[in-house]
Amino acid sequence: MVFVFVTITSACTRVLYGNSFKTVCKMSSSERNEERNFILECIQVYRNHSALWEIKSDDYMDRNKKNHAYDVLLKKYQERFPTATLDDVKKKLNFLRTNYRKELKKVNDSYKSRVGLEDIYQSHLWYFNEMHFLRDQETPAKSRSTLQIRPPPKVANTSNADDQIDEITEGG
């Protein structure tokens with residue numbers, strides 16, 4: 001496999017893997033901390049707009065409220081990434097939620113395995129606690145059967161029919 005490196009900035013490089021480019025950025029610890037703090041601020045904006053994440057809320061089904069919430073979140077995200085689109089924001093949220101969900105599963109699985117308290121999995125995801133407001137949303141809903149349960153069919157009273165059959169055979 002051939003790698004092609006194209007420098008974008010002093011911190012970022014575009015690398016061609018196969019037939020697609022990936023951006024690889026090297027950040028200083030202060031730049032990384034700034035970006036993390038910014039992402040935490042975005043998570044707070046996301047949290048404050050339950051129309052985007054709280055599936056049991058009436059607002060979740062309201063397109064106008066959802067679009068407004070996405071507009072607010074996009075404006076916040078564009079403070080650091082001015083050329084970001086709504087699609088970029090949705091991808092970032094999906095990335096954050098997916099990683100949170102994976103970590104939450106590891107934590108829950110370690111509790112279910114009944115290991116000692118010292119062996120309970122501790123997430124090292126830097127935004128895990130900030131996303132914890134989603135924990136109830138990540139629990140699968142109880143499944144419901146789509147089959148209709150019908151009472152058993154009523155059995156016809158056969159005692160009269162037997163009497164009639166007896167009369168026919170005796171008289172016949």
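See the structure printed just above.
If you're wondering where the values come from, they're calculated on a predicted model, not measured in any experiment.

S.K.: Mind laying out the overall build of the protein, listing which residues take part and the relevant values?
M.R.: Summing up its helical and strand segments, the protein has four helices and three strands in all. Start at the N end of the protein and walk to the C end: the helices and strands fall as β-β-β-α-α-α-α. Within the protein, buried positions represent 24% of all 172 residues. Partitioning the intrachain contacts of the protein with sequence separation of at least 6 by distance along the chain shows that 47% fall at a separation of at least 24. Carbon and sulfur atoms make up 51% of the accessible area of the protein, which totals about 13,600 Å².

S.K.: Kindly report on the pattern of salt bridges, identifying the contributing residues and their values.
M.R.: Applying the stated rule across the entire model yields eight salt bridges. Salt-bridge contacts for Lys106 lead to Glu103; the nearest nitrogen and oxygen are separated by 3.3 Å. A residue pair is termed a helical-turn pair when its members lie 3 or 4 positions apart in one helix, as Lys106 and Glu103 do in helix α3 (residues 86-112) at three residues. One network of salt bridges, in which partners are shared, links Glu34, Glu35 and Arg80.

S.K.: Tell me about the packing of aromatic side chains, and please be specific about residues and values.
M.R.: Applying the stated criterion across every chain yields a total of seven aromatic pairs. Seen in terms of ring centroids, Tyr46 and Phe133 are 6.1 Å apart; in terms of plane orientation they differ by 65°. Their pairing is edge-to-face. Taken together, the residues Tyr46 in helix α1 (residues 29-48) and Phe133 in the loop between α3 and α4 (159-171) connect sequence positions 87 residues apart. Assigned by exposure class, Tyr46 and Phe133 land together as buried. Their ring planes at 80° and their centres at 5.0 Å tell us that Trp126 and Tyr127 sit as a pair that is edge-to-face. The class for Trp126 is partly exposed, based on a relative accessible area of 33%. According to the relative accessible area criterion, Tyr127 is buried, its value standing at 2%. Chaining the aromatic ring pairs together yields one cluster made of Phe38, Tyr77 and Phe81. Looking at Lys66, its charged tip hangs above the ring of Tyr60, at a distance of 3.8 Å from the centre.

S.K.: Just give me the short version of the packing of α1 against helix α2 (residues 63-77), but keep the residues and values in it.
M.R.: Angle between the axes and distance between the axes: these two values describe a pair of packed helices. The contact between α1 and α2 brings their axes to 10 Å, and the two run at 170°. Judged by the angle between their axes, α1 and α2 are roughly antiparallel. Contact residues: Phe38, Ile39, Glu41, Cys42, Val45 and Tyr46 in α1; Val72, Leu73, Lys76 and Tyr77 in α2. Its residues placed into classes, the contact of α1 with α2 shows eight nonpolar, no polar and two charged.

S.K.: Give me the lowdown on the side chain of Gln137, citing residues and values where you can.
M.R.: Checked against the element boundaries, Gln137 lands in the loop between α3 and α4. Discounting residues that sit within four places of it in the chain, Gln137 has contacts with Trp53, Glu54, Ile55, Lys56 and Arg97.

S.K.: Describe in detail α1, supporting the description with residues and values.
M.R.: The terminal C-alpha atoms of α1, which comprises 20 residues, lie 29 Å apart, in line with the 28 Å expected from a rise of 1.5 Å per residue. Lining the buried residues of α1 we find α2 and α3.

S.K.: How would you summarise the nonpolar core if you had to cite specific residues and measurements?
M.R.: Within the largest apolar cluster, 25 residues are counted, with the highest numbers of intra-cluster contacts made by Tyr46, Leu73 and Met131. Mapped onto this core, the elements with two or more residues apiece are α1, α2 and α3. What Met131 contacts, discounting residues up to four positions off in sequence, is Ile43, Leu96, Arg97 and Tyr100.

S.K.: Go over α2 with me, naming the residues and quoting the values.
M.R.: Here α2 is 15 residues long and its end C-alpha atoms lie 21 Å apart, about the 21 Å a rise of 1.5 Å per residue gives. Among all positions of α2, only Lys66, Ala69, Tyr70, Leu73, Leu74, Lys76 and Tyr77 are buried. End-on view of α2: buried residues confined to an arc of 155°, all on one side of the axis. Of the exposed residues in α2, those oriented more than 90 degrees away from the buried face are Asn64 and Lys75. Contacts made by the buried residues of α2 are with α1 and α3. You can read the cap of α2 off the contacts: a side-chain oxygen lies 3.0 Å from the backbone nitrogen of Asn64, and it is on Asp62.

Rules and cut-offs
Residues numbered from 1 in each chain as written. Predicted model: local features only at pLDDT ≥ 70, side-chain atom pairs only at ≥ 80, totals over all residues. Heavy atoms only, no water. Helix = DSSP H or I, 4+ residues; strand = E, 2+ residues; numbered from the N terminus. Buried < 20%, exposed > 50% of the residue type's maximum accessible area, 1.4 Å probe, protein only. Contact = heavy atoms within 4.5 Å. Areas by Shrake-Rupley, 256 points an atom, 1.4 Å probe, with all protein chains shown as cover. Salt bridge = Lys/Arg side-chain N within 4 Å of Asp/Glu carboxyl O. Phe/Tyr/Trp six-rings, centres within 6.5 Å; stacked < 30°, edge-to-face > 60°. Lys NZ or Arg CZ within 6 Å of the ring centre and 35° of its normal. Axes fitted to C-alpha atoms, helices over the stretch in contact; angles between N-to-C directions. Parallel < 35°, antiparallel > 145°, perpendicular 65-115°, else oblique. Nonpolar A, V, L, I, M, F, W, Y, C, P; charged D, E, K, R; others polar. Expected span 1.5 Å × (residues − 1). Core = buried A, V, L, I, M, F, W, Y, C linked by side-chain atoms within 4.5 Å. Arc of directions from axis to C-beta. Polar contact = N/O pair within 3.5 Å; in protein donor to acceptor, adjacent residues only side chain to side chain.

This is a description of form; function is not addressed.
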